[in-house]
Amino acid sequence: MSGIQKFFKKILPVNWAESMEKESSEWNFRCSECGFERSVWESGGIRWKATGETKTKANCASCEKNTWHKIYRKN
Ligand SMILES: [Zn+2]
């Protein structure tokens, strides 16, 4: 877990923390360059109580470039 994830797990009630982890795992980052995908939670991030797709610049773990990543909810 990343520092930010640990922080929220510590301060939130257990059921909230579980909901946060579950929801964050349902969102994926997808690299616009190579198509590599990874869940937001695995990437050390948090996405909770969010709707809609968005884009962010991030370092891709696969092609190692700073590329646009689409954030979308699986299923
Ligand atoms: Zn990539």
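Our structure's up above, just so we're on the same page.
Note that the structure is predicted; figures quoted are calculated from it, not measured.

Student: Could you clarify how one ought to interpret unusual backbone geometry in this entry?
Tutor: The residue Lys 49 is not glycine, and still its phi comes out positive at about 55°. Mapped onto the secondary structure, Lys 49 falls in the loop between strand E2 (37-39) and strand E3 (54-59). When the 7 C-beta atoms within 10 Å are taken as the criterion, Lys 49 is described as exposed. Phi angles above zero are rare outside glycine, and Glu 64 is one such case at about 60°. Among the secondary structure elements, Glu 64 is positioned in the loop between E3 and strand E4 (66-73).

Student: Where do I start with the pairing of E4 in this structure?
Tutor: Within a regular strand, the side chains alternate between the two sheet faces. As paired elements, strand E1 (residues 27-31) and E4 share 5 bridges and run antiparallel to each other. By the bridge assignment for E4, Arg 30 is matched with Lys 70.

Student: Quick question: what am I supposed to make of the environment of Glu 53 here?
Tutor: Note on placement: Glu 53 falls in the loop between E2 and E3. By C-beta crowding, Glu 53 is classed as exposed, having 11 other C-beta atoms within 10 Å. Taking the C-alpha atoms as reference points, Glu 53 and Tyr 72, 19 residues apart in sequence, are found 4.9 Å from one another. The contacts of Glu 53, once residues within four sequence positions are left out, are Lys 70, Ile 71 and Tyr 72.

Student: Looking at this model, I keep getting lost on the pairing of E1. Mind explaining?
Tutor: The alternating pattern of E1 places Trp 27, Phe 29 and Cys 31 on a buried face, while none of Asn 28 and Arg 30, on the opposite face, is buried. As judged from the 3 bridges shared by E1 and E2, these two strands associate in the antiparallel manner. Paired with Phe 29 across the two strands is Arg 38, which belongs to E2.

The rules behind these values
- Residues numbered from 1 in each chain as written.
- Predicted model: local features only at pLDDT ≥ 70, side-chain atom pairs only at ≥ 80, totals over all residues.
- Helix = DSSP H or I, 4+ residues; strand = E, 2+ residues; numbered from the N terminus.
- Buried ≥ 20, exposed ≤ 12 C-beta atoms within 10 Å, placed from the backbone.
- Pairing = 2+ DSSP bridges.
- Contact = placed C-beta atoms within 7 Å.

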